[in-house]
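Descriptive analysis of the structure
Listed below, chain by chain, are the residues.
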Amino acid sequence: MIAAADSANAQHVSAADGNIPPLWFLAPEGFFALPIAATPEERSERALSFVRELYSRGDETIWEPAAPYYAAIAELMGDTGVSYAAMGLFSTADESDVAEGQVIRHEPAEGIAQCAFTVAIAPTDQAGTDADVVAQGILATLSSDPYNDAIWLDLPCGPAVSCITLREYDLGPEASASGEATKLLTGQIQVHIPFPTGPCTAIFTLYTASMDQWSEIYRLMSAVLQTVSFVDPTEEPDEERPEHMPGEA
């Protein structure tokens, strides 16, 4: 499973205000960030960039009507506390005949895996040193539901709780590709990470109906979580850097 379009890795940081401290993480290639922003003007500007990237083979006849739609979605999501949202698109085409290092573009008909990814920040009643206690409380709460697969995580940024939930839905003939009644299985990975820097908890959620690629999508979420930081990664003290960083001479 590889990125199905030209979307590069990007560092993202949540918007900090008087009540919410910042949070950094790295969004992987293949994620197209929705235009969530504080002002209508900024949302409109980001929406235009979003649709040009998402529909990279389109033109103004597609981009202009699509941009306001995604700007409106971003406004609704922002109002619910979501600080970052993205669509993940990945090709499932066979790569065995492609030369190493060759850049190719895939057609959707060759197979596309999709997922939705969001990051929300919720205020919680905790002191900065109580991250372990908050995580233990979250684990106890989520574990009380027999349909949840909740486990403790020790991430580089601190303690967290992961919860995996599978759901099956009945689809009528009008909603299925075959025109016959069928079932749709979906999976959700939700990870709660208490802030060590303030009374908040970050909630990372990845949702997909592409269950044939579940193992790859699970690894994708695991990779994102390894990049979460509550301090600016670009401002690490020089003494904490190794003598040679990767890629440096």
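Here, every reference points to the structure presented above.
Predicted model, so just to flag it, every value in this text is computed and none were measured.

**Some thoughts on the pairing of strand β7 (residues 149–155)**
As paired elements, β7 and strand β8 (residues 158–171) share 7 bridges and run antiparallel to each other. Each bridged residue has a counterpart across the sheet, and for aspartate 154 the counterpart in β8 is proline 159. Once β7 ends, the chain turns through 2 residues before running back antiparallel as β8.

**Topic: helix α1 (residues 40–54)**
Over its 15 residues, α1 extends 20 Å from the first C-alpha to the last, a length consistent with the 21 Å expected when each residue adds 1.5 Å. Turning to α1, the residues buried within the fold contact β4 (31–33), α2 (60–79) and β5 (82–91).

**Side note on the nonpolar core**
Judged by nonpolar contacts, the single largest core of 33 residues is most densely connected at Phe25, Phe31, Phe117, Val191, Ile193 and Phe204. Listed by contribution, the elements that provide at least two residues to this core are β3 (24–27), β5, β6 (112–123), β7, β8, β9 (182–194), β10 (200–208) and α4 (214–225). Per element, the largest residue contribution to this core is 6 residues, and it comes from α4. Ranked by size, the runner-up nonpolar core spans 17 residues in total, among them Phe32, Ala71, Val82 and Ala120.

**Let's talk about the packing of aromatic side chains**
The tally for this structure, following the rule as stated, stands at 10 aromatic pairs. Ring plane angle 75° and centroid distance 6.3 Å describe the contact between phenylalanine 25 and phenylalanine 117, whose orientation is recorded as edge-to-face. Here the residue phenylalanine 25 occupies a position in strand β3, and phenylalanine 117 occupies one in strand β6, the gap between them amounting to 92 residues. Of the two residues examined, phenylalanine 25 and phenylalanine 117, each falls in the buried class. Three or more aromatic residues link up through ring pairs in this structure, and these residues are Phe25, Phe31, Tyr84, Phe90, Phe117 and Phe204.

**Thoughts on a nonpolar patch on the surface**
A contiguous nonpolar surface patch, about 250 Å² in accessible area, is contributed by Tyr169, Leu184 and Tyr207. As for its placement among the helices and strands, leucine 184 is situated in strand β9.

**As for the pattern of salt bridges**
Overall, the coordinates contain 4 salt bridges when judged by the stated rule. Here glutamate 60 makes a salt bridge to arginine 52, at a shortest N to O gap of 3.1 Å. Since its relative accessible area comes to 34%, arginine 52 is described here as partly exposed. One salt bridge connects aspartate 170 with lysine 183, and the closest N-O pair in it is separated by 2.6 Å. With aspartate 170 in strand β8 and lysine 183 in strand β9, this residue pair connects regions lying 13 residues apart in the sequence. Of the two residues examined, aspartate 170 and lysine 183, each falls in the exposed class.

**Points about the environment of threonine 201**
With respect to the helices and strands, threonine 201 occurs in strand β10. Threonine 201 sits 80 residues away from isoleucine 121 along the chain, and the two C-alpha atoms are 5.7 Å apart. Here threonine 124 takes part through its side chain, which lies 3.2 Å from a polar atom of the side chain of threonine 201.

What counts, and at which threshold
Residues numbered from 1 in each chain as written. Predicted model: local features only at pLDDT ≥ 70, side-chain atom pairs only at ≥ 80, totals over all residues. Heavy atoms only, no water. Pairing = 2+ DSSP bridges. Helix = DSSP H or I, 4+ residues; strand = E, 2+ residues; numbered from the N terminus. Expected span 1.5 Å × (residues − 1). Contact = heavy atoms within 4.5 Å. Core = buried A, V, L, I, M, F, W, Y, C linked by side-chain atoms within 4.5 Å. Buried < 20%, exposed > 50% of the residue type's maximum accessible area, 1.4 Å probe, protein only. Phe/Tyr/Trp six-rings, centres within 6.5 Å; stacked < 30°, edge-to-face > 60°. Patch = residues over 30% accessible without salt bridge, like charges linked within 9 Å, V, L, I, M, F, W, Y side chains within 5 Å. Areas by Shrake-Rupley, 256 points an atom, 1.4 Å probe, with all protein chains shown as cover. Salt bridge = Lys/Arg side-chain N within 4 Å of Asp/Glu carboxyl O. Polar contact = N/O pair within 3.5 Å; in protein donor to acceptor, adjacent residues only side chain to side chain.

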